Structures are given as C-alpha cells and as structure tokens.
Amino acid sequence: MSQLIALLEDIRACRHCVADLPLGPRPVLRAGPSARVLIIGQAPGTKVHASGIPWDDASGARLREWMNIDADTFYDESQIAIVPMGFCYPGRGKSGDLPPRVECAPLWHARLLAGMPDIALTLVIGQYAQQHYLAGEEVAFPTFRTLTERVQNYAVYGAAYLPLPHPSPRNRLWLRRNSWFERDVLPELRRRLLSLGIGRA
C-alpha cells in the first residue's frame, strides 16, 4: 500500500509534459490497492481539470448510470480505480479535445496496475484505451477494426475486460444507431459489477 501511495504522489507531481499542456499539468486519477474494478478512459476535459475529480461531468454521470452505481461507490478507491490513458488535459483541437498524451501510459500504467493486484474487471472506454489494451501488438485478442466491433464482440475479451464506447453526450447518435448496446452490453456490465459486490440489483 505504501508503494502505491508513493507512486500516486509521484504521478501527481509529474511535469513530464509541462511544455505541451495548455492549462499546465494536473494529473487526475484515483487508485487503491484493494480495488476490484479499473476504469481506463481517455483524458480529463476542462471541467475535470478544474475540479481535479475524474469523470466530474456529463460523461461521468452517464457512465455511473450505465454501471448502475451512485457517486459514493464510483469514487470509493477501495472498490474502483480510475486511470485514464492521459492524466492531464491535453488541449483543444479542431473537432474537440486532443487525444491523450502518449507519454502517460508507458510511464505509469504498468506500475499502477502492479500496485492493484485484485483488479478483476477492467472497463476499457473509448478508442484510445481500447487500441492500447485490446488491439496493441502485444495483446493476444482478435483484431477488430473499429470501436463498434470491439464493443459488439465484448465476449471475446473474457471476464477480465469489457470494452465500452465513451459515454460523452456527443455519442448520442452512436447509441441510437446501436440499440444492441443498451439491450445486451449494459446488462452484462451490471451483472459483472454485481458479481464483484458493486452496484444495485
């Protein structure tokens, strides 16, 4: 536990990308040694950067609805860890926020995961997290071209991983076009969480 605490302090003091961050560094993550669920998303937006609380926005509200849990459970580090692909707000591009900084995951993820040996379910949210954890050269999972294919074929990743689309309000059209997600995937998500003692029946 002390090693994980020290690691989190190091991450929160990180200035590796300071020259490239328009709002400056503010790493946002949560982790605890007893966590059973790991949420891997993209990177903080401006609201999360301001508050320092992960998923403290409309996307987070929808994610908690998908998981069928309240905010107290969501932010309970003894149950749920939140580790984005990029810990700091990356800035704005032409069509929205920039992708997560590529430095974060190689620098920190492996050490964070080593400090959380009881993780039983990882929610892999959005294309950047899925490309790293489900579609990289070092993973043995089947290759799918798109996020939609990965989410629709969630069963191939076994019990340890569940790919999800980003719960951003911008994805309303995707959700309308893919009604199978709410019908098939959300019940599976809630079932897996309940099997770990997380959520409401």
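Okay, so let's go over this structure. (Residues numbered from 1 in each chain as written. Predicted model: local features only at pLDDT ≥ 70, side-chain atom pairs only at ≥ 80, totals over all residues. Heavy atoms only, no water.)

Right, let's talk about the packing of aromatic side chains for a bit. Counted according to the given criterion, the structure contains 6 aromatic pairs. Ring centres of Phe74 and Tyr75 lie 4.9 Å apart, and the angle between their planes is 90 degrees; this geometry places the pair in the edge-to-face category. As far as burial versus exposure is concerned, Phe74 and Tyr75 are alike and both buried. An angle of 75 degrees between the planes, with centres 5.7 Å apart, marks the rings of Trp174 and Trp180 as edge-to-face. Each member of the pair, Trp174 together with Trp180, is buried. The structure contains a cluster of three or more aromatic residues connected by ring pairs, namely Trp66, Trp174, Trp180 and Phe181. Above the plane of the ring of Phe74 lies Arg64, whose end atom (NZ or CZ) is 5.0 Å from the centre. (Phe/Tyr/Trp six-rings, centres within 6.5 Å; stacked < 30°, edge-to-face > 60°. Buried < 20%, exposed > 50% of the residue type's maximum accessible area, 1.4 Å probe, protein only. Lys NZ or Arg CZ within 6 Å of the ring centre and 35° of its normal.)

A few words on the packing of helix α3 (residues 58-67) against helix α9 (residues 180-195). Between α3 and α9, whose axes approach to 8 Å, the crossing angle comes to 75 degrees. If you check the angle between α3 and α9, you find them roughly perpendicular. Side by side, α3 and α9 meet where Glu65, Trp66 and Met67 of the first sit next to Phe181, Leu186, Leu189, Arg190 and Leu193 of the second. Classifying every residue of the contact of α3 with α9 gives 6 nonpolar, no polar and 2 charged. (Axes fitted to C-alpha atoms, helices over the stretch in contact; angles between N-to-C directions. Helix = DSSP H or I, 4+ residues; strand = E, 2+ residues; numbered from the N terminus. Parallel < 35°, antiparallel > 145°, perpendicular 65-115°, else oblique. Contact = heavy atoms within 4.5 Å. Nonpolar A, V, L, I, M, F, W, Y, C, P; charged D, E, K, R; others polar.)

Turning next to the pairing of strand β5 (residues 121-125). Within β5, 5 of the 5 residues are buried, which leaves the element mostly enclosed by the surrounding structure. On β5, burial covers both faces: Leu121, Leu123 and Ile125 on one face and Thr122 and Val124 on the other are all buried. Note that strand β1 (residues 37-40) and β5 share 4 bridges and pair parallel. Following the sheet pairing, Ile39 is matched in β5 by Leu123. Bridge analysis of β5 against strand β6 (residues 161-164) gives 4 bridges, and the strand direction is parallel. Bridge pairing in β6 links Thr122 to Tyr161. (Pairing = 2+ DSSP bridges.)

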